[in-house]
Amino acid sequence: MTATGSVWRNWGRSESIRPQRVERPRDAEAVQRAVAAAAKQGMRVKAVGAGHSFTGIAAAPGVLLDLEDVSGVLDVDLERGRVRLAAGTRLHQLPRLLRPYGLALQNMGDIDRQTIAGATSTGTHGTGGSFGGLATQIVAVTLVTGSGELLTISEDENAELLPAARLGLGALGVLVDITLQCVPAFLLKAVERPEPLQGVLDSYLHRSAEEHHFEFYWFPHTETGLTKTNTRLPLTEQRAPLSAAGRWVDDELLANGIYRGVCAVGTMAPAIIPPFSRVAQRLTGNRDFTDHSPRVFVTNRTVRFREMEYAIPREAVPEALAEVKALIDRRGWRISFPVEVRSAAADDNWLSTAYGRESGYIAVHRYYREDPTEYFTAVEEIMKAHDGRPHWGKMHYRDADSLRETYPRFDDFLAVRDRLDPDRRFENAYLRRVLGP
């Protein structure tokens, strides 16, 4: 928890800043007062959640609004399966909050530490060729604008703003509540297998389109893809969850404990990374289980890292990943973290990385104590050549002029920003770079 006078740092330790003031509002009215006070003093305002973005999107040089206390279920429409949540609610709280109503999120990413507002504002998504990101599940939001107005945006009120506000980068105002279109709770049958990488690439387009949720990981320095296929099942099917011991060995001992040690040693002795990767791909990624959807979608990750992720047209994924593989081999880099490949359906949110096209995602990572710049900038050039769009909450090196070229509604979004925050009350250095002044 950040206090006034102390330094705020994000989870990946890629960003830090010392806010002039920290406030912890408890409700929408308190947020309004905080924004109005900042405006009177000529100060910028940023709301922060879990700090899980790797970019400076939440960095608050002026007033930092910690929305931890703006949390919980505000309203439920059981007939339509809709739930209104306070903006500071953490994703990992949702299974408990939604369980009494028999509801669940349609899709989730593999990390659930974020707040609902932070996750949608940066374009968080899971995988599944027929499913959109978190923002596509939003049917209404309430935000505090730059003038301190409490504005409702929904299918019935200010509907023309919804494609901008669902994924607004924190540039349009402070979200105070979000209404989600949920689905009846369901199970997922997970099948995880190591497979020859070339075969995975050859089958990616078919599997990402036909399977409910398909993704794979590739450890550099290997020829194996670790595939994850999740199939949706009704709650009436038989659960077959992982045993507590099995989950601990796979997800804590191997994926976090031993892996953390290898990453740390690898910063001093990179030569150990290729043999470890070959061992890791043999020890992991071979299991079947069936459980409630959040227990399958989400993976506990405690090893700190930094990440860059790009969305490209789905049909370009096999070629682009092959180019990344050749790049790593050519440069002789020793990369300890796997490359993650996912997919999402096209959507109509203006700044969504999947706007207007079926998308595939390629994510690269580095241990947080390693400098990712050389690796990430080189991979970014590959992604740009495939008309890539960077994840807003993950590291990249693009600016507004560059991003305008790949987002058809970029200037429409800027027009909404001019309307809701003409004085740039919610601006910071990152937003100036990616949106312009």
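Scroll up to find the structure.
So, a few notes on the structure that sits alongside this text. Numbering of residues starts from 1 in each chain and follows the order in which that chain's sequence is written. Selection of residues for local features in this predicted model requires a pLDDT of at least 70, selection of side-chain atom pairs for listing and counting requires 80 or more, and totals for whole chains, interfaces and linings are taken over all residues. Hydrogens are left out, water is left out, and the side-chain values use all remaining heavy atoms of the structure.

1. So, the overall build of the protein chain
Argument step 1. Only DSSP runs of H or I reaching four residues or more are called helices, and only runs of E reaching two or more are called strands; each is numbered from the N terminus. The helix and strand inventory of the protein chain stands at 13 helices and 20 strands.
Argument step 2. Taken over C-alpha atoms, the radius of gyration is set against a globule rule of 2.2 Å times the number of residues to the power 0.38. Scaling as 2.2 N^0.38, a compact globule of 437 residues should have a C-alpha radius of gyration of about 22 Å, and the protein chain matches this with 21 Å.
Argument step 3. Dimensions of the protein chain along its principal axes, counting C-alpha atoms only, are 60 × 50 × 40 Å.
Argument step 4. Think of it in three bands: residues with accessible area under 20% of the maximum for their type are buried, residues over 50% are exposed, and the middle band is partly exposed, with areas taken using a 1.4 Å probe on protein chains only. Expressed as a percentage of its 437 residues, the buried residues of the protein chain come to 59%.
Argument step 5. For the protein chain, restricting intrachain contacts to residue pairs at least 6 apart in sequence, the fraction spanning at least 24 positions comes to 73%.
Argument step 6. Just so you have it, the protein chain exposes about 17400 Å², and 49% of that area is on carbon and sulfur atoms.
Argument step 7. This count recognises Lys and Arg as positive and Asp and Glu as negative, with His and chain-terminal groups excluded. Charge positions are represented by NZ for Lys, CZ for Arg, CG for Asp and CD for Glu. Each charge class in the protein chain can be summarised by its mean position, and for the 54 positive and 56 negative side chains these summaries are 6 Å apart. When checking whether two residues touch, look at their non-hydrogen atoms; a contact exists if any pair is within 4.5 Å. Areas reported here follow the Shrake-Rupley algorithm with a probe of radius 1.4 Å; residue values treat only the protein chains shown as occluding.

2. What about the pairing of strand β19 (residues 359-367)?
Argument step 1. Of all 9 residues in β19, 9 are buried; the element is thus mostly enclosed.
Argument step 2. Alternating positions in β19 separate into two faces, S359, Y361, A363, H365 and Y367 on one and G360, I362, V364 and R366 on the other, with burial throughout.
Argument step 3. Strand pairing requires that DSSP identify at least two bridges connecting the strands. Here 5 bridges tie strand β18 (residues 339-344) to β19, and the two strands are oriented antiparallel to one another. The partner of V341 across the bridge, within β19, is I362.

3. Here we look at unusual backbone geometry
Argument step 1. Even without being glycine, N158 reaches a positive phi, approximately 50°.
Argument step 2. Relative to the helices and strands, N158 is located in the loop between β10 (150-154) and α4 (162-165).
Argument step 3. The class of N158 is partly exposed, set by a relative accessible area of 25%.
Argument step 4. Unlike most non-glycine residues, H221 shows phi in positive territory, near 80°.
Argument step 5. With respect to the helices, strands and loops of the structure, H221 is situated in the loop between β14 (213-218) and β15 (224-233).

4. Details of the sheet that holds β10
Argument step 1. Strand order in the open sheet made by the 5 strands is β6-β7-β11-β9-β10, with antiparallel pairing throughout. Single-partner strands in this sheet number two, and they are β6 (73-77) and β10. Between one strand and the next, the sheet's axes are offset by a mean angle of 15°, whatever the strand orientation.
Argument step 2. As judged from the 6 bridges shared by strand β9 (residues 138-144) and strand β11 (residues 174-181), these two strands associate in the antiparallel manner. Opposite I138, over in β11, you have L180 as the bridge partner. Whenever a helix is involved, its axis is fitted only over the stretch in contact; in every case the axis is a line through C-alpha atoms, and angles between N-to-C directions fall within 0 to 180 degrees.

5. So, the environment of F376
Argument step 1. Inspection of the secondary structure assignment puts F376 in helix α10 (residues 373-385).
Argument step 2. Separated by 68 residues in sequence, F376 and M308 have C-alpha atoms that sit 6.8 Å apart.
Argument step 3. Sequence-distant contacts of F376, defined by excluding residues within four places in its chain, comprise R306, E307, M308, V364, H365, R366, M395 and Y397.

6. Let's talk about the packing of helix α5 (residues 197-210) against helix α9 (residues 317-331)
Argument step 1. Their axes nearest at 9 Å, the elements α5 and α9 cross at an angle of 150°. It follows from the interaxial angle that α5 and α9 lie roughly antiparallel. Across the interface between the two elements, L197, L201 and Y204 of α5 pack against V317, P318, L321 and K325 of α9.
Argument step 2. Polar here means any residue outside two lists: the nonpolar Ala, Val, Leu, Ile, Met, Phe, Trp, Tyr, Cys and Pro, and the charged Asp, Glu, Lys and Arg; Gly therefore counts as polar. Classifying every residue of the contact of α5 with α9 gives 6 nonpolar, no polar and 1 charged. By the definition adopted for this analysis, an angle is roughly parallel if under 35 degrees, roughly antiparallel if over 145, roughly perpendicular if from 65 to 115, and oblique otherwise.

The values reported here are purely geometric and, on their own, carry no functional implication.
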